Amino acid sequence: MNTKIKWGHWFWGVFFLACAFVLIASKAGWLTYHIGMWTLFLTLILVAATVKSMAYFSVSGTVFSLAFISILYAKPLGITNLVPWTILGAALLLSIGLSLVLQPLKRKVHPHQHIIVNKTIDSNGQRYSESTTTDYESYVDVNVRMGSAIRYVQSANFQQATINVTMGDAKIYFDQASIVADQANISLNGSMGEIYLYVPKEWHTQIKLSSFITEVAETGEKPTKTGPLVTITGNFNIGDITVHYV
């Protein structure tokens, strides 16, 4: 079992133990502020989302999770006149500002390393968070929710990739993929996450992505655009998308 899996087991184990304690303390009257069952349930979910977002340096996930917690506890915090739209508006501005300020630091903390892992896809094509796999299929599906995934696409006839990321990050390497036809498509969908695409500089990449508060950057080698047409489409909100040419 690797370190990341061990950490995940430890975190969720402690988290559910804490949930049990808070539930008992609330019903036994040990807490000075009475918490309703649904409020407690939502609080525990939001706390878990906050910790997970911080672990993966997701600024938007952290800020909005804390914003929703403050809305739940607006009365004891004395901010009832600020909920919900002022809090959500401030969270949106904070998310944008912090993402821009912390982006250089985040890239230093999380350098990208190309590590080859000899593992093929499973039989039903399902993808899971916190995974590193190699894909040889023409149609690639990547699904990440509150986690991370690294995929090495080494298809001899790559045609389409569908990448869904929600509150997580995904790094997809296409540098070993070949396109037999004249074109291929990469669809990016999700919110509050980060997607890194590593594509050959020869690909004629066109970005036609619908997005909201999403930073789209192109880095790496200067693209020659002499190869097949690859269109990047989809709908991605509140996050970062980086196309790195190799």
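Residues numbered from 1 in each chain as written. Predicted model: local features only at pLDDT ≥ 70, side-chain atom pairs only at ≥ 80, totals over all residues. Heavy atoms only, no water.

As a further point, take the confidence of the model for the protein. Of the residues in the protein, 73% have a pLDDT of 70 or more, and the chain-wide mean is 77. No element of the protein has a lower mean pLDDT than helix H1 (residues 3–28), at 62, and none a higher one than strand E7 (residues 204–207), at 93. Counting interchain partners and residues more than four positions distant, the pLDDT-below-50 stretch residues 1–7 has six contacts. (pLDDT = per-residue confidence, 0-100. Helix = DSSP H or I, 4+ residues; strand = E, 2+ residues; numbered from the N terminus. Contact = heavy atoms within 4.5 Å.)

Side-chain pairs of opposite charge can arise where the charged atoms are in close proximity. Taken as a whole and assessed by the stated rule, the structure comprises one salt bridge. Residue Lys171 pairs with Asp169 through a salt bridge whose shortest N-O separation is 3.4 Å. (Salt bridge = Lys/Arg side-chain N within 4 Å of Asp/Glu carboxyl O.)

Further remarks concern the environment of Thr214. Tracing the backbone through its elements, the reader meets Thr214 in strand E8 (residues 210–220). Discounting chain neighbours no more than four positions away, the residues touching Thr214 are Phe236, Asn237, Ile238, Gly239, Asp240 and Ile241.

Okay, the packing of aromatic side chains next. Evaluated as defined, the whole model comprises five aromatic pairs. Each ring, one from Phe158 and one from Trp203, has its centre 6.2 Å from the other, and the planes form 5°; the classification is stacked. In this pair, Phe158 is assigned in the loop between strand E3 (148–153) and strand E4 (160–166) and Trp203 in the loop between strand E6 (183–199) and E7, connecting sequence segments 45 residues apart. The burial state of Phe158 is the same as that of Trp203; both residues are buried. A ring pair is formed by Phe174 and Trp203, whose centres lie 6.1 Å apart and whose planes are at 50°; its orientation type is tilted. With a gap of 29 residues between them, Phe174 in the loop between strand E5 (169–173) and E6 and Trp203 in the loop between E6 and E7 connect regions that are remote in the sequence. For Trp203, a relative accessible area of 4% translates into the label buried. (Phe/Tyr/Trp six-rings, centres within 6.5 Å; stacked < 30°, edge-to-face > 60°. Buried < 20%, exposed > 50% of the residue type's maximum accessible area, 1.4 Å probe, protein only.)

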